[in-house]
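Topology and contacts: notes
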Amino acid sequence: MTALLELDRVTLGYGKIVVVHELSLRLDAGRIVSVLGPNGAGKTTTVRGVAGLLPLRGGEVRLGGKRVSGFPPHRIVAERLAYVPQGRELFADMSVRDNLRLGGFTMRRRDVPARMEELFEFFPRLRERAGQTAGSLSGGEQQMLAIARALMPRPTVLMLDEPSAGLAPRTMRHVFDIVADVARSEGAAVLIAEQNAHQALRVTDHAYVLNTGVIEASGPPAELLADDRIRAAYLGEA
Ligand code: ATP
């Protein structure tokens, strides 16, 4: 089966520094894959490279078998990859509904309301707050809005950078559960870059542990957690 997203020996860096070394991973439909690892491991660099925001130094990124590395970000979006950056980048003064509309700017206008309704089923809190400005939402609600906005055009691949940042554990769990729910019902593939291994592993099918730009281990959560060395070094109390 062709992977929805494939990284093939991807190398990335800044200036003279190589930050991610020949990283390979694959992501299939309906699956949730996490890239875990400490501060500075290269997680953000990896997702930015896939999104076309940073040029590749080597290797290749393929979406549904098609090579997209070298494409500018908007063309990668057109290939149905969505990216929620760390910090969410919402339009704080605009309403929840208008933020979602903007997420659907590539869609046919007449399809937007129905898609918004579908997403409100997954994110009922956003429906309740549809007229409120994004800036007035709680941290968890803002993360939900950023995710819902990215989902508007029905991406086949959704990448989330540090979705748990700044959220209380209960809220984090809730956000991850909704993401898992959407991925399974819509058959999207989700790539989560996350420092909080404990929460991410709960919903993950397969995880990669990244350290200083190199994959130290990968496998299903149970397998990683059974490895004492990996668990102690990277997975905290997970
Ligand atoms: P965090 O969770 O702290 O964001 P991360 O795993 O996402 O960590 P990256 O942000 O990808 O890590 O950073 C990896 C390395 O690249 C770090 O050493 C960082 O200092 C370096 N780096 C990141 N952005 C830049 C930049 N714009 N210019 C130079 N070096 C950078």
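Residues numbered from 1 in each chain as written. Predicted model: local features only at pLDDT ≥ 70, side-chain atom pairs only at ≥ 80, totals over all residues. Heavy atoms only, no water.

**Thoughts on the layout of surface pockets**
- In this model, the largest pocket occupies a volume close to 780 Å³.
- For the largest pocket, the lining is made up of 29 residues, of which Val77, Leu81, Ala82, Tyr83 and Phe105 are closest to its centre.
- At the level of secondary structure, the elements contributing two or more residues to the lining of the largest pocket comprise helix 1 (43–50), helix 2 (73–78), strand 6 (81–84), helix 3 (96–103) and helix 6 (139–151).
- The dominant element in the lining of the largest pocket, judged by the number of residues it contributes, is helix 2, at five residues.
- Taken together, the residues that form the lining of the largest pocket break down as 18 nonpolar, five polar and six charged. (1 Å grid on protein atoms, 1.4 Å probe; cavity = no way out; pocket = protein on both sides within 12 Å on 5 of 7 lines; lining within 4 Å. Points joined across faces, edges and corners; volume = space filled by probe spheres on them. Helix = DSSP H or I, 4+ residues; strand = E, 2+ residues; numbered from the N terminus. Nonpolar A, V, L, I, M, F, W, Y, C, P; charged D, E, K, R; others polar.)

**Side note on the site of the ligand**
- In the vicinity of the ligand lie 13 residues, with Asn39, Gly40, Gly42, Thr44 and Thr45 positioned nearest.
- One nitrogen or oxygen atom from the main chain of lysine 43 is found 2.8 Å from an oxygen atom belonging to the ligand.
- Threonine 45 is positioned such that a nitrogen or oxygen atom in its side chain is 2.5 Å from an oxygen atom of the ligand.
- The biggest single contributor to the shell around the ligand is helix 1, with three residues.
- Classifying every residue of the shell around the ligand gives four nonpolar, seven polar and two charged. (Near = heavy atom within 4 Å. Polar contact = N/O pair within 3.5 Å; in protein donor to acceptor, adjacent residues only side chain to side chain.)

**Some words on the packing of aromatic side chains**
- With the rule as written, the count across this model stands at zero aromatic pairs.
- In this arrangement the basic side chain of arginine 75 is found over the ring face of phenylalanine 71, its NZ or CZ atom lying 3.9 Å from the centre. (Phe/Tyr/Trp six-rings, centres within 6.5 Å; stacked < 30°, edge-to-face > 60°. Lys NZ or Arg CZ within 6 Å of the ring centre and 35° of its normal.)

**Some points on unusual backbone geometry**
- Phi at glutamate 22 takes a positive value of approximately 45°, unusual for a residue other than glycine.
- Taking relative accessible area as the criterion, glutamate 22 reaches 56% and is therefore assigned exposed.
- Even without being glycine, arginine 80 reaches a positive phi, approximately 70°.
- Here arginine 80 lies in the loop between helix 2 and strand 6. (Buried < 20%, exposed > 50% of the residue type's maximum accessible area, 1.4 Å probe, protein only.)

**A closer look at the environment of leucine 201**
- You can see leucine 201 is positioned in helix 8 (residues 197–203).
- Separated by 167 residues in sequence, leucine 201 and serine 34 place their C-alpha atoms 7.5 Å apart.

**Re the packing of helix 3 against helix 4 (residues 112–122)**
- The interhelical angle for the contact between helix 3 and helix 4, taken along N-to-C directions, is 115°, at an axis separation of 10 Å. With respect to the hand of their crossing, helix 3 and helix 4 are arranged in right-handed fashion. Note on element contacts: helix 4 touches helix 3 through Val112, Met116 and Phe120, opposite Arg97, Leu100 and Arg101. (Axes fitted to C-alpha atoms, helices over the stretch in contact; angles between N-to-C directions. Left-handed = near helix turned anticlockwise from the far one by under 90°. Contact = heavy atoms within 4.5 Å.)

**Here we look at the pairing of strand 9 (residues 206–211)**
- Within strand 9, five of the six residues are buried, leaving the element largely enclosed by the surrounding structure.
- Strand direction decides the pairing type here: strand 3 (residues 32–36) and strand 9, joined by four bridges, are parallel. Its bridge partner lying in strand 9, serine 34 is registered against alanine 207.
- Judged from the five bridges that link them, strand 9 and strand 10 (residues 214–219) form a sheet pairing that is antiparallel. Bridge pairing in strand 10 places alanine 207 opposite glycine 219.
- Remark: two residues form the turn of the hairpin made by strand 9 and strand 10, two consecutive strands paired antiparallel; threonine 212 in that turn has positive phi of roughly 40°. (Pairing = 2+ DSSP bridges.)

**Quick look at helix 4**
- Those residues of helix 4 that sit buried are Val112, Arg115, Met116, Leu119, Phe120 and Phe122. Seen from one end, helix 4 has its buried residues packed into an arc of 150°, which puts them on one side.
- Looking at the buried residues of helix 4, the elements they touch are helix 3, helix 5 (124–128), helix 6 and helix 7 (169–186). (Arc of directions from axis to C-beta.)

**Things to note about the pattern of salt bridges**
- Enumeration according to the criterion identifies 22 salt bridges in this entry.
- Between arginine 62 and glutamate 60 there is a salt bridge whose closest N-O contact spans 2.8 Å.
- Accessibility expressed as a relative area gives 23% for glutamate 60, which makes it partly exposed.
- The partner of arginine 67 in a salt bridge is glutamate 60, and the shortest N-O contact between them spans 3.2 Å. (Salt bridge = Lys/Arg side-chain N within 4 Å of Asp/Glu carboxyl O.)

**Topic: empty space enclosed by the protein**
- This model, assessed by the stated rule, comprises one cavity of 30 Å³ or more.
- Its boundaries defined by the atoms lining it, the largest cavity holds a volume of some 40 Å³.
- Ile147, Leu151, Leu158, Val179, Val182, Ala183, Ala188 and Val190 together form the lining of the largest cavity.
- Of all the elements in the fold, those that place two or more residues in the lining of the largest cavity are helix 6 and helix 7.

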